[in-house]
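# Per-entry structural report
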Amino acid sequence: MNDVLYHLCRHCVGIMDGWWPYPAWCIAEQCGISISTARRRLRKLKADGYVDSVVCYRDPEDYGPLPYHGWTITPKAQETPEYKKAWEAEKKLCREVFGEHMFPDEWLEVLHEDR
């Protein structure tokens, strides 16, 4: 299993901030690798079509005018075992926090389809 892809998928399926780009330094920290190694592995995943680098501009009133650089997954990544494992982990977390009755399988499948 590709731990860099798994951690990026884990971020992207998250209900809290999965729509924001994920910085390489966060992935490096979670994987216990150097930032240069994380970037090299992300570039390889990008060349293979699993991830993409993105830039977002936040609301200048709240965050200032600086761009927010990071990485996100592509639809191709959603077919990987890393994505499926990340999705199951997020589903388990949602059920622990919000309860079984708040997130029946049908709702989670709808959320999953929107990504």
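Refer to the preceding data block for the structure.
## Comments concerning a nonpolar patch on the surface
A surface patch of nonpolar side chains, amounting to about 470 Å² of accessible area, comprises Ile15, Met16, Leu93, Val97 and Phe98. Among the structural elements, Ile15 can be located in the loop between helix H1 (3-12) and helix H2 (24-31).

## As for the pattern of salt bridges
By the definition in use, this model includes six salt bridges. Residue Arg41 pairs with Asp3 through a salt bridge whose shortest N-O separation is 2.3 Å. Of this pair, Arg41 sits in helix H3 (residues 35-47) while Asp3 sits in helix H1, and the two are 38 residues apart along the sequence. Among the salt bridges present, the one from Glu96 reaches Lys92, with a minimum N-O distance of 3.9 Å.

## Structural notes on the state of the cysteines
Going through the model one piece at a time under the given rule, you end up with zero disulfides. Cysteine Cys9 is unpaired, with the sulfur of Cys12 as its nearest cysteine sulfur at 6.7 Å.

## Looking at the packing of aromatic side chains
We describe a pair of aromatic rings using the distance from one ring centre to the other and the angle between the two ring planes. Tallied over the entire structure, the rule returns zero aromatic pairs. Directly above the aromatic system of Tyr50 lies the positively charged group of Lys76, at a separation of 4.6 Å from the ring centroid. Against the face of Tyr6 rests Lys85, its NZ or CZ located 5.1 Å from the ring centre.

## Some points on the packing of H2 against H3
In the contact formed by H2 and H3, the axes pass within 8 Å of each other and the chain directions differ by 110°. The angle between the axes of H2 and H3 places the two elements in the roughly perpendicular class. Two packed elements cross with a definite hand, and for H2 against H3 that hand is right-handed. Of the residues in H3, those in contact with Ala24, Trp25, Ile27 and Ala28 of H2 are Ile35, Ala38, Arg39 and Leu42. Partitioned by chemical class, the residues of the contact of H2 with H3 number seven nonpolar, no polar and one charged.

## Concerning the nonpolar core
Nonpolar side chains in soluble globular proteins generally cluster together in the buried interior. Leu5, Leu8, Ile27, Leu42 and Ile73 are the most contacted members of the largest nonpolar core, which totals 21 residues. Elements supplying a minimum of two residues to this core: H1, H2, H3, strand S2 (67-73) and helix H5 (81-98). Per element, the largest residue contribution to this core is six residues, and it comes from H1. Those residues in contact with Leu5 that lie beyond four places of it in its chain are Leu45, Tyr50, Val51, Ile73, Ala77, Thr80 and Glu82.

Reading guide: rules and limits
- Residues numbered from 1 in each chain as written.
- Predicted model: local features only at pLDDT ≥ 70, side-chain atom pairs only at ≥ 80, totals over all residues.
- Heavy atoms only, no water.
- Patch = residues over 30% accessible without salt bridge, like charges linked within 9 Å, V, L, I, M, F, W, Y side chains within 5 Å.
- Areas by Shrake-Rupley, 256 points an atom, 1.4 Å probe, with all protein chains shown as cover.
- Salt bridge = Lys/Arg side-chain N within 4 Å of Asp/Glu carboxyl O.
- Helix = DSSP H or I, 4+ residues; strand = E, 2+ residues; numbered from the N terminus.
- Disulfide = S-S within 2.5 Å.
- Phe/Tyr/Trp six-rings, centres within 6.5 Å; stacked < 30°, edge-to-face > 60°.
- Lys NZ or Arg CZ within 6 Å of the ring centre and 35° of its normal.
- Axes fitted to C-alpha atoms, helices over the stretch in contact; angles between N-to-C directions.
- Parallel < 35°, antiparallel > 145°, perpendicular 65-115°, else oblique.
- Left-handed = near helix turned anticlockwise from the far one by under 90°.
- Contact = heavy atoms within 4.5 Å.
- Nonpolar A, V, L, I, M, F, W, Y, C, P; charged D, E, K, R; others polar.
- Core = buried A, V, L, I, M, F, W, Y, C linked by side-chain atoms within 4.5 Å.
- Buried < 20%, exposed > 50% of the residue type's maximum accessible area, 1.4 Å probe, protein only.

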